[in-house]
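Coordinate analysis (summary)
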Amino acid sequence: MLTAQLHKVTVRHSSRTLFKDLLWDIHDDRVVGLIGPNGAGKSTLLRLLTGELSPDDGKVITHNSARIAYLPQEPDLNADAILLDEVSAAAVELHHTELALAQMEADLGNPLTYGDEKALARTLAEQEKLLARLERLGGLNFTSRLESTLLGLGFSRADFSLPISALSGGQKKLAGLAKLLITQPTLLLLDEPDNHLDLDGKSFLEQFIRSFKGGVVIISHDRYLLDLVVDEIVELEDGRLTEFTGTYSEYAYEKEIRLQRQQQMFQVQQKEIRRLEQAANRLLTWGRVYDNEDLVKRGKSILKRIDRIERIDKPVLERQAMQLDLGGWRGSNKVLELTSIVKAFDGEPVLQGLNLLVWHGERTAIVGPNGAGKSVLFRLLQGQETADTGELRVGPSVKFGHYTQEHESLDYNRTLVDTIRYAKALTEDAAVAFLGKFLFSYEQSRRLVRDLSGGERSRLQLALLMLSQANCLLLDEPTNNLDIRSAEVLENAIEEFEGTVLIISHDRYFLDRVANRVVELRDGAAVEHSEGFAAYLENVYGIKLSKG
């Protein structure tokens, strides 16, 4: 059933038109993957559907019975509340109904009510309506539904009493999702819900989406997730929406076919237009030379015919992409060696006797659940933490370059130009030109880092990584926030990099493409998986990675 509709919607940001006269029908019986480059307006579309934003022109129409719930990239959570209370508080209408029923019960015990036949009848009728609303909102089994929702998303009962501030980034995403679910929506709008989730969290998310009884629109750059859960892909590009039936892999194939077909049709049409133009010009010339009005009329008629032709747009076969070249250089053959590393926080061990040896040229995926110590390992390698016991040796000619998951390596109060010039001595014009390689306009280069989107900050970090002249890269969730095209550019750059790469990531397509070694952190130790990432997924998680 049709749940929501965009009718000739136009949105402008400053002097830029994000999209114009957009049409889109959203149904409650399918999962839609909404994709497109960073900055295309995907999140804006979701916020339009919730009513958080209003279009400059056009209408956003929602069905009367539609209940729309929206999970932004960063869920709105009270850090001081405990998990169970924070999720329960989302059922605002339910709690208001319960308060109204409590007041109704008090009124029924009032002599002014039960002693007045008409007042009693009105109160009983209102109570009946409130009870029907309570049942519709799921209030009769709310507590059990609340607990089962949290358990179904991978939380344990022990987690129920944890403060939100104690949860990992992935758990906060799942808590935000739980807040939506208890409102019993008919349409879920999910903006990169898989960011910060470990493989177990992604598995819970995928199972949930597949079993959800309603419509889902999901923005995600995880190609595996899109292959697994969506029924159709909607691409937002150049201010237009294009729909494709099927998974992401089917979309990628179908889009390529459509582009080739459009290119052929464009070329045929252009050839026909040139032929007609030549014919018209000949007739007009002959008409003037021989003073023949009939020839002139025929020439003008052909020109009018050309004007009436519905032009086929020239397809963009190669989209502009980042010009990322990580370079690198050989350096030490033995890059780093960790022996019997122990690291604890507040008496709780995170790494317990960890041993790891990394050689030049390896692309090592560091995997494991959230909290296993992956980021701690990276901080040890950079000297930001010190091991309690054990030995860490780094090759004498190793230079680290680090990509941080939360962009904490960036100074949010600097402009982009100043950020680049701080990293390398460049003129202002050279810094602006360099930023252009990472798809930043002149105007954007003058903005503060804090005003950038998540995808833009990711590209800025990659630009700094390119300037670092490192030969050992420590990449912590580098594809979070990157659009799919940029993730593919990063994959190619890593493949060509003359150096060593250690990667923390839960992006399964990305790791399958770039990693030639898998090290799992388990119970504080490093466990080697020598058969590659796809085999690791299948052996440990029972997941067979589609090559789409």
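Reading guide: rules and limits
Residue numbers run consecutively from 1 along every chain, following the written order of its sequence. The model is predicted, so local features are restricted to residues of pLDDT at least 70 and side-chain atom pairs to those at 80 or more, both for listing and for counting; the totals for chains, interfaces and linings are taken over all residues. The basis for every side-chain value is the complete set of non-hydrogen atoms in the structure, without hydrogens or water. Salt bridge, as used here, is a side-chain nitrogen of Lys or Arg placed within 4 Å of a carboxyl oxygen of Asp or Glu. Under the DSSP-based scheme used, a helix requires at least four consecutive residues in state H or I and a strand at least two consecutive residues in state E, with every element numbered from the N terminus. Note on classification: 1.4 Å probe, protein chains only; a residue is buried when its accessible area is under 20% of the maximum for its type, exposed when over 50%, partly exposed between these limits. A pair of strands is considered paired only if DSSP assigns at least 2 bridges between the two. Any Phe, Tyr or Trp ring, taking Trp's six-membered ring, that has another such ring centre within 6.5 Å forms a pair; planes under 30 degrees apart are called stacked, those over 60 apart edge-to-face, and the others tilted. Only when the NZ of Lys or the CZ of Arg is both within 6 Å of the ring centre and within 35 degrees of the ring normal is a charge said to sit over the ring. Axis geometry follows a simple rule: fit a line to the C-alpha atoms, using only the stretch in contact for helices, then measure angles between N-to-C directions, giving values from 0 to 180 degrees. Contacts are assigned to residue pairs that have any heavy atoms within 4.5 Å of one another. In this document the domain limits rely on a domain assignment from an automatic tool or a database. A quick way to say it: buried area is the sum, across both parts, of accessible area lost when two parts are put together, with a 1.4 Å probe. The term polar contact refers here to a pair of N or O atoms within 3.5 Å; inside protein, the definition further demands a hydrogen-donor-capable atom paired with an acceptor-capable atom, and it admits residues adjacent in sequence only when both atoms are side-chain atoms. These descriptions rest on fixed angle ranges, namely under 35 degrees for roughly parallel, over 145 for roughly antiparallel, 65 to 115 for roughly perpendicular, and the rest for oblique. Crossings are classed by handedness, with left-handed meaning an anticlockwise turn of the near helix from the far one by less than a right angle and right-handed meaning a clockwise turn. Residues with no salt bridge and a relative accessible area higher than 30% make up the patches, which join like charges within 9 Å and nonpolar side chains (Val, Leu, Ile, Met, Phe, Trp, Tyr) within 5 Å. For the accessible areas, the method is Shrake-Rupley and the probe is 1.4 Å, while residue cover comes only from the protein chains on display. For the purpose of charge, His is not counted, nor are the chain termini; Lys and Arg are scored as positive and Asp and Glu as negative. The location of each charge is read from NZ of Lys, CZ of Arg, CG of Asp or CD of Glu. Side-chain atoms within 4.5 Å are what join buried Ala, Val, Leu, Ile, Met, Phe, Trp, Tyr and Cys residues into a set we call a nonpolar core.

1. Considering the pattern of salt bridges
Tallied over the entire structure, the rule returns 29 salt bridges. For D57, the salt bridge is made with R12, and the minimal N-O distance between the two is 3.1 Å. Pair noted here: D57 is in strand 4 (residues 57-62) and R12 is in strand 1 (residues 2-13), with a separation of 45 residues, a long-range link. Classification of D57 by relative accessible area gives partly exposed; the value is 37%. Each member of the salt-bridge network shares a partner with another, and the members are D194, K202, E206, D222 and R508.

2. Details of the pairing of strand 12 (residues 363-367)
Burial of strand 12 is extensive: five of the five residues sit out of reach of the surface. Here strand 12 shows a buried face lined by R363, A365 and V367 and a second buried face lined by T364 and I366. Across four bridges, strand 12 lies against strand 16 (residues 500-504) in parallel orientation. Looking across to strand 16, one finds that I366 is bridged to I504. Pairing of strand 12 with strand 17 (residues 517-522) involves four bridges; the strand directions are parallel. Paired with T364 across the two strands is R517, which belongs to strand 17.

3. So, the pairing of strand 8 (residues 232-237)
Burial analysis of strand 8 places six of its six residues in the buried class, the great majority of the element. Note that strand 3 (residues 31-35) and strand 8 share four bridges and pair parallel. Of the residues in strand 8, the one forming a bridge with I35 is E235. Of the pairings in the sheet, the one linking strand 8 to strand 9 (residues 240-245) comprises six bridges and is antiparallel in character. Bridging across to strand 9, E232 finds its partner in T245. Between strand 8 and strand 9, which pair antiparallel in sequence order, lie two residues; one of them, D238, sits at a positive phi of approximately 55 degrees.

4. Points about the packing of aromatic side chains
What the rule picks out here adds up to five aromatic pairs. One aromatic cluster in this structure is built from F244, Y248 and Y251. Note that K343 overlies the ring of F345, its terminal NZ or CZ placed 5.1 Å from the centroid. One residue, R414, lies across the ring of Y422, its end atom 3.7 Å from the ring centre.

5. Things to note about the sheet that holds strand 13 (residues 389-394)
Strand pairing in a sheet is mediated by backbone hydrogen bonds. Such pairs are either parallel or antiparallel. Taken in spatial order, the three strands of this open sheet run 11-10-13, and their pairing is antiparallel. With partners counted over all chains shown, the strands left at the sheet margins are strand 11 (348-359) and strand 13, one partner each. The sheet shows a mean angle of 15 degrees between the axes of neighbouring strands, direction not considered. As paired elements, strand 10 (residues 334-345) and strand 13 share five bridges and run antiparallel to each other. What sits directly across from T339, in strand 13, is E391. Most of the contacts of helix 12 (residues 374-381) go to strand 10, to which it runs at about 120 degrees, and overall it touches strand 10, strand 11 and strand 13.

6. Observations regarding the domain arrangement of the chain
Assigned domains of the chain: these are domain 1 (71-248), domain 2 (251-308) and domain 3 (334-541). For domain 1 and domain 3, the distance between their C-alpha centres works out to 34 Å. Taken together, the contact pairs 20 residues of domain 1 with 21 residues of domain 3. Between domain 1 and domain 3, the buried area comes to about 1,800 Å², and carbon and sulfur atoms account for 49% of it. Across the contact surface, domain 1 and domain 3 share three salt bridges. Summed over the shared surface of domain 1 and domain 3, the result is seven residue pairs in polar contact (both at pLDDT 80 or more).

7. What about unusual backbone geometry?
A positive phi angle is found at Q469, which is not glycine, with a value near 55 degrees. Turning to its location among the elements, Q469 is positioned in the loop between helix 16 (454-467) and strand 15 (472-476). Given the relative accessible area of 56%, Q469 is considered exposed. Positive phi outside glycine occurs at D523, with the angle close to 55 degrees. Among the structural elements, D523 can be located in the loop between strand 17 and strand 18 (525-529).

8. Topic: the environment of D191
By the secondary structure assignment, D191 is in strand 6 (residues 187-191). C-alpha of D191 to C-alpha of V217: the two residues are 26 residues apart in sequence and 8.4 Å apart in space. Non-local contacts of D191, meaning those with residues more than four positions away in its chain, are made with S43, L46, Y70, L71, P72, Q73, K173 and I219. Among the polar contacts made by the side chain of D191, one reaches the side chain of S43 at a distance of 2.5 Å.

9. So, the packing of helix 10 (residues 248-289) against helix 11 (residues 293-308)
With their axes 7 Å apart at the nearest point, helix 10 and helix 11 run at an angle of 155 degrees to one another. With respect to helix 11, the element helix 10 is oriented roughly antiparallel. Pair helix 10 / helix 11 crosses with left-handed handedness. Contacts between helix 10 and helix 11 involve E272, I273, L276, E277, A279, A280, L283, L284, W286, G287 and R288 from the first element and L295, V296, R298, G299, K300, I302, L303, R305 and I306 from the second.

10. Some points on a positive patch on the surface
Positive charge collects at one region of the surface, where K300, K304, R305 and R308 lie side by side. We classify K300 as partly exposed; its relative accessible area is 47%.

11. Topic: the nonpolar core
With 49 residues, the main nonpolar core has L324, I420, F438, L460 and L462 as its most contacted residues. The residues touching L462, leaving out its near neighbours within four places in the chain, are M322, L324, Y403, F438, L482 and L490.

12. Notes on the environment of I420
Take I420: it is sitting in helix 13 (residues 416-423). Sequence-wise, I420 and R12 are 408 residues apart; in three dimensions their C-alpha atoms are separated by 30 Å. Ignoring any residue separated from it by four or fewer positions in sequence, one finds I420 in contact with L426, A431, F434, L435, L460, A463, L464 and L467.

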